[in-house]
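Inside the fold
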Amino acid sequence: MTIIQFPKDMKWGTATASYQIEGAAKEGGRGVSIWDTFSKTPGKVANGDNGDVACDSYHRYEEDVEMMKDLGIDVYRFSVAWPRIFPDGTGEVNQEGLDYYHRLVDKLLANGIEPMCTLYHWDLPQALQDKGGWNNRETIDAFVEYATLMFNEFSGKINKWLTLNEPWCISFLSNYIGVHAPGNHDLQLATQISHHLLVAHGKSVQKFRELGIDGEIGFAPNTTWLEPFSNRQEDIDACNREIGWYIEWFMDPVFKGTYPTFMVDWFKKKGVELVIEDGDMETISQPVDFLGINYYTGHIARYKENEGLLDWELVEMNYDRTDIGWPIFPEGLYNVLTRIKESYGDVPIFITENGSCYNDEPEKGRVHDTGRINYLEQHLTALSRAIASGVNIKGYITWSLMDNFEWAEGYTMRFGIVHVNYRTLERTKKDSFYWYKQTIANNWFES
Ligand SMILES: N=NNCCOCCOc1ccc(-c2cn(C[C@@H]3NC[C@@H](O)[C@H]3O)nn2)cc1
């Protein structure tokens, strides 16, 4: 057995997102979001599920914070529903929305838990989508207006801010692959949206600095890893294109002020012409205080001409998979983190999402999710390797505190360390909750 020990200042946390847990979709003055619209479009979400009720955390947040207190976490990563603050996306502010987040943040602070606030976790006000959404540069200004209000309203209470969660999902998964809201299938549109998202990020960081807000700000790209099937250059290049689509496409602009040429050239071959306005790249590359990294899975892959967007195919290696079908690939987390350090230096990093889908149900009041514990052990070991290799890891925030609305999968896929009965809304702490609690208390675990 091996003891995996973490640095004494390591921060431990859990993560959720507004549309996935809050419910109360028509309460408290909340406006309509694109996920309300998308989830109610037939065929988009498993079983026609939607976030109308979800985990009802809008009403049950006190119970949820008490669970976090019992867990012993240092930080809770949540997101604010933009349509609760600006029901029409801009203009009139909804005080009831602000009041809800004050109640949540005050409860966290009263329990010694630091709030980490994600400003945008995919629930765009429908009113803005009706005017072109992220493809319309006016949405950038609306986001800065929203961020400015939140910075001023919660300055002194919230000290860790994330502008965007998973811009790859917001742009490419939602507007090219099309499985998330609003469900477009247009590479030019998706790529231009990815640029507007980065400008919105940069402008809100500029505003954060101008206002002199205490605290730190960053963003949370999602990542993946493809290991080349062979050492043939074509396999290596193919894997680098997929990795680059998640990592360099979003991090080069922020940390280097330029898009990665190999990806620009590839997209140009596919007919994409990115429109970059004067000053955009300077805006995007505002220094951030920390980087959030989301990682779930990786694969073995090889070059295949004219396959998909980036000319690669998976090679089935019969890795164990979680219940959502994603391979368990912890070495990918190590590879992602060391690649980021090599490319961007000593930027402080929080793992802002890492977790697994296991759909175990309660038996006699317990949920024996041993698969999730194994996943956590493997990925925390990979994280420990990255720390030993000099990666500046500040904390680990697992996805998720509780089972919740998993986007296109609806409620069929469970990522929580707490089980939620969606009929009764009863929470049941899983075995992984108790494993994570002990790991946090020790700041080590025995693998
Ligand atoms: N690359 N090519 N793909 C081609 C085919 O894709 C089809 C589907 O793709 C994807 C890719 C990624 C995801 C995903 C989900 N989560 C989990 C959430 N993270 C934020 C938080 O809200 C969690 O719920 N993270 N990532 C889903 C679907």
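Residues numbered from 1 in each chain as written. Predicted model: local features only at pLDDT ≥ 70, side-chain atom pairs only at ≥ 80, totals over all residues. Heavy atoms only, no water.

The criterion, for reference: UniProt positions are given in the numbering used here, feature names are shortened, and annotations may be inferred rather than shown by experiment.
The name given to the chain in an unreviewed UniProt entry is Beta-glucosidase, with Gracilibacillus caseinilyticus as the source organism. According to its UniProt record, the chain has this under Sequence similarities (unreviewed entry): "Belongs to the glycosyl hydrolase 1 family." Among the UniProt annotations of the chain, the heading Catalytic activity (unreviewed entry) holds the following wording: "Hydrolysis of terminal, non-reducing beta-D-glucosyl residues with release of beta-D-glucose."

**What about the packing of aromatic side chains?**
The test is simple: Classification of ring pairs rests on two measures: the distance between centres of Phe, Tyr or Trp rings, Trp counted by its six-membered ring, which must be within 6.5 Å, and the angle between planes, read as stacked under 30 degrees, edge-to-face over 60 and tilted in between. Throughout this description, buried means an accessible area under 20% of the type-specific maximum (1.4 Å probe, protein chains only), exposed means over 50%, and partly exposed covers the range between. Ring-over charges, as used throughout, are those where CZ of Arg or NZ of Lys falls within 6 Å of the ring centre and within 35 degrees of the ring normal.
Counted under the stated rule, the structure contains 46 aromatic pairs. With a centroid separation of 6.0 Å and 20 degrees between ring planes, the pair formed by Tyr76 and Phe78 is classed as stacked. Among the residues examined, Tyr76 registers a relative accessible area of 3% and is labelled buried. Through a chain of ring-to-ring contacts, the aromatic side chains of Trp168, Phe172, Tyr176, Trp245, Tyr246, Trp249, Phe250, Tyr259 and Phe267 assemble into a single cluster. Lying over the aromatic face of Trp266, Arg241 brings its terminal NZ or CZ to 4.0 Å of the ring centre. The side chain of Arg385 reaches across the aromatic face of Tyr334, ending 3.7 Å from its centre.

**A word on helix 3 (residues 57-71)**
Worth spelling out the cut-off: A helix here means a DSSP run of H or I that spans at least four residues, while a strand means a run of E at least two residues long, and both kinds are numbered starting from the N terminus. Here, expected helix span is obtained from the residue count minus one, scaled by 1.5 Å. Note that bend, as reported per residue, equals the angle between axes fitted to the 7 residues terminating at that residue and the 7 residues originating from it.
Counted at 1.5 Å a residue, the expected span for helix 3 with its 15 residues is 21 Å, but the 17 Å between its end C-alpha atoms falls short. Largest kink in helix 3: about 35 degrees, centred on Glu63. At the exit of helix 3 stands Gly72, carrying a positive phi of roughly 90 degrees.

**Points about the site of the ligand**
Formally: In this text, near means that some heavy atom of the residue lies within 4 Å of the molecule or strand in question. For the purposes of these results, a polar contact is taken to be a pair of N or O atoms within 3.5 Å, where, inside protein, one atom must be able to donate a hydrogen and its partner to accept one; residues adjacent in sequence count only when each atom of the pair is a side-chain atom. Using a 1.4 Å probe, the Shrake-Rupley method yields the accessible areas, and only the shown protein chains count as cover for residues. The classification used treats Ala, Val, Leu, Ile, Met, Phe, Trp, Tyr, Cys and Pro as nonpolar, Asp, Glu, Lys and Arg as charged, and all other residues, Gly among them, as polar.
Among the 17 residues in the neighbourhood of the ligand, the closest are listed as Gln20, His121, Glu353, Glu406 and Trp407. At a separation of 3.1 Å, a nitrogen atom of the ligand approaches a polar side-chain atom of Glu166. Relative to its unbound accessible area of 630 Å², the ligand is 75% covered by the protein chains. Those elements giving two or more residues to the shell around the ligand turn out to be helix 8 (167-177) and helix 10 (233-246). Residue composition of the shell around the ligand, grouped by class: 10 nonpolar, three polar and four charged.

**A word on the side chain of Asp64**
In plain terms, the rule: Contacts were defined at the residue level, with two residues in contact if any of their heavy atoms lie within 4.5 Å.
Counting through the fold element by element, Asp64 comes out in helix 3. With near-sequence residues (within four places) excluded, Asp64 lies in contact with Ser57, Leu401, Met402 and Arg427.

**Section: the packing of helix 9 (residues 187-210) against helix 11 (residues 248-256)**
Formally: Here the axes come from fitting lines to C-alpha atoms, over the contacting stretch only for helices, and the angles between their N-to-C directions go from 0 to 180 degrees. The crossing is said to be left-handed when, going from far helix to near helix, the turn is anticlockwise and less than a right angle, and right-handed when the turn is clockwise.
One way to put it is that helix 9 packs onto helix 11 with a least axis distance of 11 Å and a crossing angle of 35 degrees. Handedness of the helix 9/helix 11 crossing: right-handed. Counting all contacts with helix 9, which are made through Thr191, Ser194, Leu198 and His201, the residues of helix 11 involved are Trp249, Phe250, Pro253 and Val254. Of the residues contributing to the contact of helix 9 with helix 11, the split by class is five nonpolar, three polar and no charged.

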